[in-house]
Amino acid sequence: MGLTLENASRPLIYIIPGSVNVGTKEKQTWEQRMSIEISPYGELDLRIQAGQLLYADRPVIVFEGDEFKPKVNEIGQKVVVYSAAIPRQSKTIIGAFIKLTRPDRSFDFFWMLPEDIDRLKGYSLKKNQRKDKDGNVYGDANALYHSNEGQIDTGFLEAKVIKHAFKTFPKLRLGQFSALQQDEQVQASDYGLDEPVYNQVPQKETEKEAEETDVQEIAKQQGGVNIVENPEEPF
């Protein structure tokens, strides 16, 4: 299996610079190393290559006025009844969903509703808040949660839908210093060599910390390779 480092509007891989303590806790010696982080789009590609999926439709953003009925039918299958209102009646986002087609041609749906987006935004806010020396609280959720006229950025939402659609899927086998994109802050010491091969770079995410993100989105393009200093939300 493989992914390309080619620059694209939806990159598959990011190169993350970081420091590694190759000494001890008491006598620290730091080295600069690079690691690979796989974006939600790269994860989708890998799952298709691994045979877990045949393909996935592009996520659909649902606006107020659209017909949108996510449900579970009588045989326990998740389905979505959707029809876009054309022309658009509103710019207000009320949800998003994706259709996943399995290798046997059966399908599954994953959807996110406003309360899901608010929950993720709350985790991001909690992560990014800090206190100064006087005890004053400052910091905000990732700017992409409100950059779209006060709403979540649509591209950001699409990536979130893809990422969380795979929560119940089997783990992918990844190489050393390669990891799926995580939503929690990675500390320098997390790049140590004693971590397991799978999920080596980021800490393992938990349900509560699933959407803890940094406020800033930083991306540098060098020589056609996506190099980011903040691995939280580089897309």
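On a predicted model such as this, the values are computed, not experimentally measured, just so you know.

Enquirer: Describe in detail the pairing of strand 8 (residues 107-112), supporting the description with residues and values.
Expert: Two faces make up the sheet, and in a regular strand the side chains alternate between them. In terms of burial, strand 8 is largely enclosed, as 5 of its 6 residues are buried. Here strand 7 (residues 93-101) pairs with strand 8 via 6 bridges, running antiparallel. Bridging across to strand 8, Ile98 finds its partner in Phe110. Taken together, strand 7 and the strand that follows it, strand 8, pair antiparallel across an intervening segment of 5 residues, in which Arg105 is found at a positive phi of about 75 degrees.

Enquirer: Break down the packing of aromatic side chains for me, citing the residues and quoting the values.
Expert: By convention here, two paired aromatic rings are described through the distance between centres and the angle between planes. Applying the stated criterion to the full structure yields 6 aromatic pairs. On the basis of an interplanar angle of 15 degrees and a centroid distance of 5.8 Å, the ring pair of Phe68 and Phe97 is categorised as stacked. Here the residue Phe68 occupies a position in strand 5 (residues 67-72), and Phe97 occupies one in strand 7, the gap between them amounting to 29 residues. An identical accessibility class is assigned to Phe68 and Phe97; each is buried. Taking 5.4 Å as the distance between ring centres and 65 degrees as the angle between the ring planes, the aromatic pair formed by Tyr82 and Phe97 counts as edge-to-face. Note that Tyr82 is positioned in strand 6 (residues 78-83) and Phe97 in strand 7, a separation of 15 residues in sequence. In this structure an aromatic cluster arises from ring pairing among Phe68, Tyr82, Phe97, Phe107 and Phe109. Lying over the aromatic face of Phe107, Lys99 brings its terminal NZ or CZ to 5.0 Å of the ring centre.

Enquirer: An account of the packing of helix 1 (residues 40-49) against helix 3 (residues 154-165) is needed here, citing residue identities and associated values.
Expert: Angle between the axes and distance between the axes are the two parameters that describe a pair of packed helices. Packing of helix 1 against helix 3 brings their axes to within 9 Å, and their N-to-C directions diverge by 35 degrees. Note on packing geometry: the crossing formed by helix 1 with helix 3 is left-handed. On the side of helix 1, the interface is formed by Pro40, Tyr41 and Leu44, while helix 3 contributes Gly155, Glu158, Ala159, Ile162 and Lys163. Looking at the contact of helix 1 with helix 3 residue by residue, the class counts come to 5 nonpolar, 1 polar and 2 charged.

Enquirer: I'd love a proper account of the confidence of the model for the protein chain, names of residues and values included.
Expert: For the protein chain, mean pLDDT is 76; residues scoring 70 or higher make up 72% of the total. Least confident of the elements in the protein chain is strand 12 (residues 220-222), whose mean pLDDT is 35; most confident is strand 4 (residues 60-63), at 97. Residue range residues 184-232 is modelled with pLDDT below 50. Its contacts to residues more than four positions away, or to other chains, number 155 contacts.

Enquirer: Any details on the pattern of salt bridges? Residues and values, ideally.
Expert: For side chains bearing opposite charge, pairing can occur when the charged atoms are close. Enumeration according to the criterion identifies 6 salt bridges in this entry. Across the pair Arg58 and Glu158 runs a salt bridge whose closest N-O atoms are separated by 3.3 Å. On the criterion of sequence distance, the pair formed by Arg58 in the loop between strand 3 (55-56) and strand 4 and Glu158 in helix 3 is long-range, its members being 100 residues apart. Residue Arg58 is classed as exposed on the basis of its relative accessible area, which comes to 53%. We classify Glu158 as buried; its relative accessible area is 8%. For Asp108, the salt bridge is made with Lys78, and the minimal N-O distance between the two is 3.8 Å.

Cut-off values and rules
Residue positions are counted from 1 within each chain, in the order its sequence is given. For this predicted model, a pLDDT threshold of at least 70 governs which residues receive local features, and a threshold of 80 or more governs which side-chain atom pairs are given and counted, while totals over whole chains, interfaces and linings are taken from all residues. Excluded from the side-chain calculations are hydrogens and water; all other atoms, namely the structure's heavy atoms, are used. Working definition: with a 1.4 Å probe on protein chains only, accessible area under 20% of the residue-type maximum means buried, over 50% means exposed, and in between means partly exposed. Where helices and strands are cited, they refer to DSSP runs of H or I of at least four residues and of E of at least two residues respectively, numbered from the N terminus. DSSP calls a pair of strands paired once it identifies at least 2 bridges connecting them. Planes of paired rings set the category: under 30 degrees apart is stacked, over 60 is edge-to-face and the rest tilted, where pairs are Phe, Tyr or Trp rings (Trp by its six-membered ring) whose centres lie within 6.5 Å. Lysine NZ or arginine CZ positioned within 6 Å of the ring centre and within 35 degrees of the ring normal marks a charge as sitting over the ring. Angles run from 0 to 180 degrees between N-to-C directions of axes, and those axes are lines fitted to C-alpha atoms, restricted for helices to the stretch in contact. Handedness of a helix crossing follows the sense of rotation of the near helix relative to the far helix, less than a right angle counterclockwise being left-handed and clockwise being right-handed. It only takes one pair of heavy atoms within 4.5 Å for two residues to be counted as in contact. For this scheme, ten residues count as nonpolar: Ala, Val, Leu, Ile, Met, Phe, Trp, Tyr, Cys and Pro. Four count as charged, namely Asp, Glu, Lys and Arg, and the remainder, Gly too, count as polar. A score between 0 and 100, pLDDT records how confident the predictor is in each residue. A pair is scored as a salt bridge if a Lys or Arg side-chain nitrogen falls within 4 Å of a carboxyl oxygen belonging to Asp or Glu.

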